[in-house]
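Structural characterization, general
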Amino acid sequence: MRVAVMRVAGEPPIAGEAAARAAILALNAGDAAVLPTETVYGVALRASSPRLAVLRELRAGSVDAEVPGFTWHAPDPESVADALRPRHAMHRRLLARLLPGPVRLLAELDDASDARRIEDALGAPAGVFTSERMLAVRVPDHDLTRAVLRGVRAPVVMDHVGVLGVSTDVSGGREIARLGGENVALPIPLAMVMDDGATRLGRGSTTVRLTRAGGYRVVHEGAWTSKTIDKRAEQLVLFVCTGNTCRSPMAQALAEHELASGAFPPIPIRVESAGVAASEGVPPSPEVAPALESLGVEPPRSRSRSLTPRMVEQAEAIYTMTPEHRQSVLAMHPQAAGKTFLLDPDGGDVPDPLGGPPGRYVQTAQHLRRLVAGRIGELAAAQRREYGPDLHGAGLTGGVR
């Protein structure tokens, strides 16, 4: 008997809706379906399906006992937050910044009672996607598959089977999935396959462990690198002036000094600078270093760079020296209006010291120090409002960025 393969790649939306309905019916009945994600295809089963026992038997003794045997594929980040109830600001940040996406989270739990609470809340059998002190969870970045996960009456596990488009056949009584030209024997019969062609990323998920102390570490790189995870965890703040040789590099150095000397926001802040009319690779003006050193601040080692739309898009807060700089940012990226501000909250300019005597640079550095300290304090307060308070330094120690 040939398995139903429902193609959705390049088809009208109605095809996807029909495939999603078929997958929901199959999974609610306890049957298996192959579903696409942004990383690889997976064999999906309801966590309470009797067929899951076959996969569990195949995995017996082959995985770390501390790590759950299967990963809960949740429909949205809100479901994960409701189940996990993260206590740490960094963990709440990571749920918001990594999900949905090509990331599997291994969340360390306080004790076995946490695992039982999560299983009871979700209606999942013991030990499917929790171990005694850990939950494994992922939210795929694939609209149709998330629609399926929302429609199933129980939590769903998915076991990866390959990267590329799928077709199926039966040979000698065994299900065969054709994945990128290779035949893969599946250990359980399938009810249907949703064929969405080649997956968008073509690599498995990155595994990130959320530690009990409130930090995280990348334990396996997949579609996203450790550097990508770190950048998504941090809050990027961008200072903007004209040539990126005086005011904005001074503001960057002052902000880094402030963060290193006692301003501990719940979420790490990464500081950068750029200029709206900068030449590339020019060192800071010679007067910048002595002006900062007079305040006990290490001079910047940066070179000038020109502001780009990608910088504006990635930054979560942008501070400009004048209204004209702000207008330049918004001309480049109008959607950035809600995160682009004058550095001076009272609306004043930060005058350009370029061409002036050394004393003017010192005055500018002193002025910038007051403004930057105020803005860093505001950012830390905003983080606490959004993510909640956290322990001093949580997320910054133990190999965690």
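Since this is a predicted model, take the numbers as computed values, not measurements.

**Overview of the pattern of salt bridges**
- The full count for this structure, using the stated rule, is 19 salt bridges.
- Residue Glu108 is joined to Arg209 by a salt bridge in which the shortest nitrogen-to-oxygen separation is 2.6 Å. Residue Glu108 is found in strand E5 (residues 103–108), and its partner Arg209 is found in strand E13 (residues 206–210); the two are separated by 101 residues along the sequence.
- Looking at Glu108, the relative accessible area reads 16%, which means it is buried.
- Residues joined by salt bridges that share partners form a network here, namely Glu66, Glu108, Arg209 and Arg212.

**Focus: the pairing of strand E15 (residues 235–241)**
- In terms of burial, E15 is largely enclosed, as 7 of its 7 residues are buried.
- Judged by which residues are buried, E15 turns out to be covered on both faces: Gln235, Val237, Phe239 and Cys241 on one side and Leu236, Leu238 and Val240 on the other are all buried.
- In terms of strand pairing, E15 meets strand E16 (residues 269–275) through 7 bridges, oriented parallel. The residue bridging Leu238 from the neighbouring strand is Glu272, located in E16.
- Two strands pair when backbone bridges link them, and E15 and strand E17 (residues 317–320) are joined in this way by 4 bridges, in the parallel orientation. Opposite Leu238, over in E17, you have Ile318 as the bridge partner.

**Remarks on the packing of aromatic side chains**
- In the structure shown here, the tally under the stated rule is 3 aromatic pairs.
- When the ring of Trp72 is compared with that of Phe129, the centres are 5.7 Å apart and the planes differ by 25°; the resulting orientation is stacked. With Trp72 in strand E4 (residues 72–73) and Phe129 in the loop between helix H5 (112–122) and strand E6 (130–131), the pair connects residues that are 57 residues apart, well separated along the chain.
- Look at Trp72 and you get buried, because its relative accessible area is 3%.
- Among the aromatic residues, ring-to-ring pairing joins Phe239, Tyr319 and Phe341 into one connected group.

**Brief notes about unusual backbone geometry**
- Note the cis peptide between Leu99 and Pro100, where omega equals -5°.
- Within the fold, Pro100 resides in the loop between helix H4 (89–98) and E5.
- Even without being glycine, Arg85 reaches a positive phi, approximately 50°.
- Within the fold, Arg85 resides in the loop between helix H3 (77–84) and H4.
- The exposure class assigned to Arg85 is exposed, which follows from its relative accessible area of 55%.

**Describing the packing of helix H1 (residues 13–28) against helix H6 (residues 143–151)**
- As a packed pair, H1 and H6 sit with axes 9 Å apart at the nearest point and diverge in direction by 40°. Where H1 crosses over H6, the handedness of that crossing is right-handed. Contacts between H1 and H6 involve Gly16, Glu17, Ala20, Ala23, Ile24, Leu27 and Asn28 on the former and, on the latter, Leu144, Ala147, Val148 and Gly151.
- Taken together, the residues that form the contact of H1 with H6 break down as 7 nonpolar, 3 polar and 1 charged.

**What to know about the packing of H3 against H5**
- At a minimum axis separation of 9 Å, H3 and H5 run at an interaxial angle of 130°. Between H3 and H5, the crossing angle belongs to the class labelled oblique. On the side of H3, the interface is formed by Asp82, Ala83 and Leu84, while H5 contributes Arg117, Ile118 and Leu122.
- For the contact of H3 with H5, a count of residues per class yields 4 nonpolar, no polar and 2 charged.

**A look at the nonpolar core**
- With 46 residues, the main nonpolar core has Leu98, Leu105, Phe129, Leu135, Val157, Leu210 and Tyr216 as its most contacted residues.
- Broken down by element, the residue count for this core peaks at 5 residues, all from H4.
- The residues touching Phe129, leaving out its near neighbours within four places in the chain, are Ala47, Pro68, Phe70, Thr71, Trp72, Leu122, Ala124, Met134, Leu135, Ala136, Pro155 and Val157.
- Membership of the second largest hydrophobic core comes to 29 residues, among which are Ala291, Met321, Leu371 and Leu379.

The rules behind these values
Residues numbered from 1 in each chain as written. Predicted model: local features only at pLDDT ≥ 70, side-chain atom pairs only at ≥ 80, totals over all residues. Heavy atoms only, no water. Salt bridge = Lys/Arg side-chain N within 4 Å of Asp/Glu carboxyl O. Helix = DSSP H or I, 4+ residues; strand = E, 2+ residues; numbered from the N terminus. Buried < 20%, exposed > 50% of the residue type's maximum accessible area, 1.4 Å probe, protein only. Pairing = 2+ DSSP bridges. Phe/Tyr/Trp six-rings, centres within 6.5 Å; stacked < 30°, edge-to-face > 60°. Axes fitted to C-alpha atoms, helices over the stretch in contact; angles between N-to-C directions. Left-handed = near helix turned anticlockwise from the far one by under 90°. Contact = heavy atoms within 4.5 Å. Nonpolar A, V, L, I, M, F, W, Y, C, P; charged D, E, K, R; others polar. Parallel < 35°, antiparallel > 145°, perpendicular 65-115°, else oblique. Core = buried A, V, L, I, M, F, W, Y, C linked by side-chain atoms within 4.5 Å.

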